[in-house]
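# Survey of secondary and tertiary structure
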Amino acid sequence: MQKAIVQLVGDLEAKDPHIRFAAARTLGELGENNALAYNALIKTLKDTVWFVRLAALQSLKELKLDIPAILRYIVPMLQDTHEDVREYAVLTINDQGPEAAVAVPFLIEALSDSVWYVRERVAWVLGQIGTSAREARSSLMRCLTDNEVEVRLASLEALGSICCKHDTEVLTTLNAIVNNDDQPSPVKEKVKTVLMRIKKADKSQTHFPSSRSKS
Amino acid sequence: MTKKILIIDDEEDVRTYLNSLLTNSGYHTKVADDGEDGFRKLTEFFPDLIILDIIMPNQSGVGFYRKLKKSEVHKDIPVIILSAVTQYKDFFAHDHQSVPRPQEFLEKPFSPQELLNKIATYIK
């Protein structure tokens, strides 16, 4: 196995990006988290071609990363030039479960991503983090006027997971949306569901939503 | 009436192969080499089904798919994802999203008969 890994690591330097891409993916599929493969994949996160960076990221996600590695190597990828890489970085952060809370400040920044489906994904992950993402409340409320309905819906879902009945500012904002004729009916319906959820739940002791689904 | 299929793939060999396979099977086809080209062809061709690669220069298959599903005119066109990278399913794997998942995923290399069977499921 070591021989194959050495060969694949060598292929990560190939001129043809498709070979680098295949090598990066195969290293992940081998599932061997040894130092040589790991370090080579980390280095490949800076490849000049986006789909090679993405392949390295996908493989590292499979090999599992610890929190220091997430902060050092994955969080910077939230600024990648390609939206698929940014979105996958968000998914990789989400894999950390409750510990993903350390990335909340960076996820809040990513709520301003230029691509709507990255913003939607970020909002969703903040909701998955739950009450540990409370500092995202204001930014998520700003997303309720996002141009894209999908982002508004994901932000509402997140607020439902993060907020409690004592978050009066959030409740006031949500109640205003129900009466706002500029908001489409799916958003208004979602607000009603979220309001009920917030009013019912006592999240004072909860630090992670029980319905969390792993990516 | 002949059914129309739009093939979006950056690899010329794959485009040529699919084009030949589908034309010989009685479909009318058009090819595009990335997501941006795909969207241009989509509006002029209005296909009954789209075969979509994922890893392509410029706009990827993920970007194309999300844009497609937001288009009131084109959102109901069925999509078969044809990719060598199964991890791409991760992008579509969450039911939280308002964007529905693609109809089918097929891994490269694929069986031509399997592809034709899947196409027949969506356009008769």
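Throughout what follows, the structure given in this document is the object of discussion. (Residues numbered from 1 in each chain as written. Chains lettered and ligands numbered in written order. Predicted model: local features only at pLDDT ≥ 70, side-chain atom pairs only at ≥ 80, totals over all residues. Heavy atoms only, no water.)

## Notes on the overall build of chain A
This is how it is decided: Secondary structure is summarised from DSSP: a helix means a run of H or I of at least four residues, a strand means a run of E of at least two, and numbering begins at the N terminus for each. With residues, only the protein chains shown are counted as cover, and all accessible areas are computed by Shrake-Rupley using a 1.4 Å probe. We count Lys and Arg on the positive side and Asp and Glu on the negative side, and we leave His and both chain ends out. Charge coordinates come from a single atom per side chain, which is NZ of Lys, CZ of Arg, CG of Asp or CD of Glu.
On a plain count of helices and strands, chain A comes out with 12 helices and 0 strands. Each helix (α) and strand (β) of chain A, taken in turn from the N terminus, gives the series α-α-α-α-α-α-α-α-α-α-α-α. If you sum the accessible surface of chain A, you get close to 9,800 Å²; carbon and sulfur atoms cover 53% of it. The averaged location of the 28 negative side-chain charges in chain A is 4 Å from the averaged location of its 27 positive side-chain charges.

## What to know about a nonpolar patch on the surface
Stated formally: Like charges are joined within 9 Å and nonpolar side chains (Val, Leu, Ile, Met, Phe, Trp, Tyr) within 5 Å, but only among residues with over 30% relative accessible area and no salt bridge; these make up the patches. A pairing counts as a salt bridge when a side-chain nitrogen of Lys or Arg comes within 4 Å of a carboxyl oxygen of Asp or Glu.
A surface patch of nonpolar side chains, amounting to about 210 Å² of accessible area, comprises L71, V102 and F106 of chain A. Looking at where V102 of chain A falls in the secondary structure, it is placed in the loop between helix 6 (83–94) and helix 7 (104–110).

## Comments concerning the state of the cysteines
Basically, it comes down to this: In this description, the term disulfide denotes a pair of cysteine sulfurs within 2.5 Å.
Throughout the structure, instances matching the rule amount to 0 disulfides over all chains. For C163 of chain A, which is in no disulfide, the shortest distance to another cysteine sulfur is to C164 of chain A and amounts to 7.2 Å.

## As for the packing of aromatic side chains
This is how the line gets drawn: Working definition: rings of Phe, Tyr and Trp (its six-membered ring) pair if their centres are within 6.5 Å, and the pair is stacked with planes under 30 degrees apart, edge-to-face with planes over 60 apart, and tilted otherwise. Throughout, exposure labels follow a simple rule: accessible area from a 1.4 Å probe, protein chains only, divided by the maximum for the residue type, with under 20% read as buried, over 50% as exposed, and the rest as partly exposed. Charge-over-ring placement is defined geometrically: NZ (Lys) or CZ (Arg) within 6 Å of the ring centre, and within 35 degrees of the ring normal.
According to the stated counting rule, one finds 5 aromatic pairs over all chains in the structure shown. Look at W50 of chain A and F51 of chain A: their rings are 5.8 Å apart centre to centre, the planes differ by 85 degrees, and that puts the pair in the edge-to-face class. The pair W50 of chain A / F51 of chain A is uniform in exposure class, with both members buried. With 5.5 Å between their ring centres and 65 degrees between their planes, F39 of chain B and F64 of chain B make a pair best called edge-to-face. Residue F39 of chain B is located in helix 2 (residues 35–45), and its partner F64 of chain B is located in helix 3 (residues 61–70); the two are separated by 25 residues in the primary sequence. F39 of chain B gets classed as buried once you look at its relative accessible area, which sits at 13%. Each member of the aromatic cluster is reached from another via a ring pair, and the members are F21, W50 and F51 of chain A. One cation-aromatic arrangement involves K4 of chain B over F45 of chain B; the distance from NZ or CZ to the ring centre is 5.3 Å.

## Observations concerning the nonpolar core
Rules: Residue types Ala, Val, Leu, Ile, Met, Phe, Trp, Tyr and Cys, when buried and joined through side-chain atoms within 4.5 Å, form a set referred to as a nonpolar core. Throughout, a contact is declared for two residues whenever any of their heavy atoms are within 4.5 Å.
One finds I93, L107, L126, L140 and L174 of chain A together with I50 and L52 of chain B to be the most contacted residues of the largest nonpolar core, which totals 97 residues. Aside from chain neighbours lying at most four places away, what touches L174 of chain A is L144, L156, V191, V194, L195 and I198 of chain A. I7, I51, F110 and L115 of chain B belong to the second-largest nonpolar core, a separate cluster that totals 17 residues.

## Observations concerning the pairing of strand 5 (residues 104–107) of chain B
All names here are of chain B. In plain terms, the rule: For two strands to be treated as a pair, DSSP must find no fewer than two bridges joining them.
Side chains E104 and L106 of strand 5 all project onto a buried face; the interleaved residues F105 and E107 project onto a face where none is buried. One ladder, built from 4 bridges, connects strand 4 (residues 79–83) with strand 5; its direction is parallel. From the neighbouring strand, I81 faces strand 5, where its bridge partner is F105.

## As for unusual backbone geometry
Working note: non-glycine residues mostly have negative phi, and peptide bonds are mostly trans. Put simply, K108 of chain B and P109 of chain B share a cis peptide bond, and its omega is -5 degrees. One non-glycine residue, K64 of chain A, lies in the positive phi region at around 70 degrees. For K64 of chain A, the position within the fold is in the loop between helix 4 (50–63) and helix 5 (67–74). Of note, the phi angle at F46 of chain B is positive, near 45 degrees, even though the residue is not glycine.

## Remarks on the pattern of salt bridges
For the structure shown, the criterion picks out 25 salt bridges over all chains. Between R137 of chain A and D167 of chain A there is a salt bridge, and its shortest N-O distance comes to 2.4 Å. Here R137 of chain A is found in helix 9 (residues 137–142), whereas its partner D167 of chain A is found in the loop between helix 10 (149–162) and helix 11 (168–178), with 30 residues between them in sequence. One salt bridge in this structure joins E148 of chain A and K70 of chain B, with 2.6 Å as the shortest N-O distance.

## Some remarks on the pairing of strand 4 of chain B
Residues and elements named next belong to chain B. Heads up, the rule is: When the strands point away from the viewer and the path from the first strand over the helix to the second turns clockwise, the crossover is right-handed.
In terms of burial, strand 4 is largely enclosed, as 5 of its 5 residues are buried. Every second residue of strand 4 is oriented toward a common face, with V79, I81 and S83 on one face and I80 and L82 on the other, all of them buried. Bridge analysis of strand 3 (residues 49–52) against strand 4 gives 3 bridges, and the strand direction is parallel. In the strand pairing of strand 4, L52 is matched with I81. For the handedness criterion, the β-α-β arrangement of strand 3, helix 3 and strand 4 is classed as right-handed.

## Remarks on the sheet that holds strand 4 of chain B
Residues and elements named next belong to chain B. Test applied: Note on geometry: axes are C-alpha line fits, over the in-contact stretch for helices, and angles between N-to-C directions span 0 to 180 degrees.
Pairing is parallel across the open sheet formed by 5 strands, whose spatial order is 2-1-3-4-5. Whereas interior strands pair on both sides, the edge strands pair on one side only; in this sheet they are strand 2 (28–32) and strand 5. Across the sheet, the axes of successive neighbouring strands diverge by a mean angle of 20 degrees, strand direction being ignored. When strand 1 (residues 4–8) meets strand 3, the two strands line up parallel, connected through 4 bridges. If you follow I7 over to strand 3, its bridge partner there is I51. Packing against the sheet, helix 2 makes contact with strand 1, strand 2 and strand 3, and its axis sits at approximately 150 degrees to strand 2. Across the sheet, helix 3 is in contact with strand 1, strand 3 and strand 4; its angle to strand 3 comes to roughly 155 degrees.

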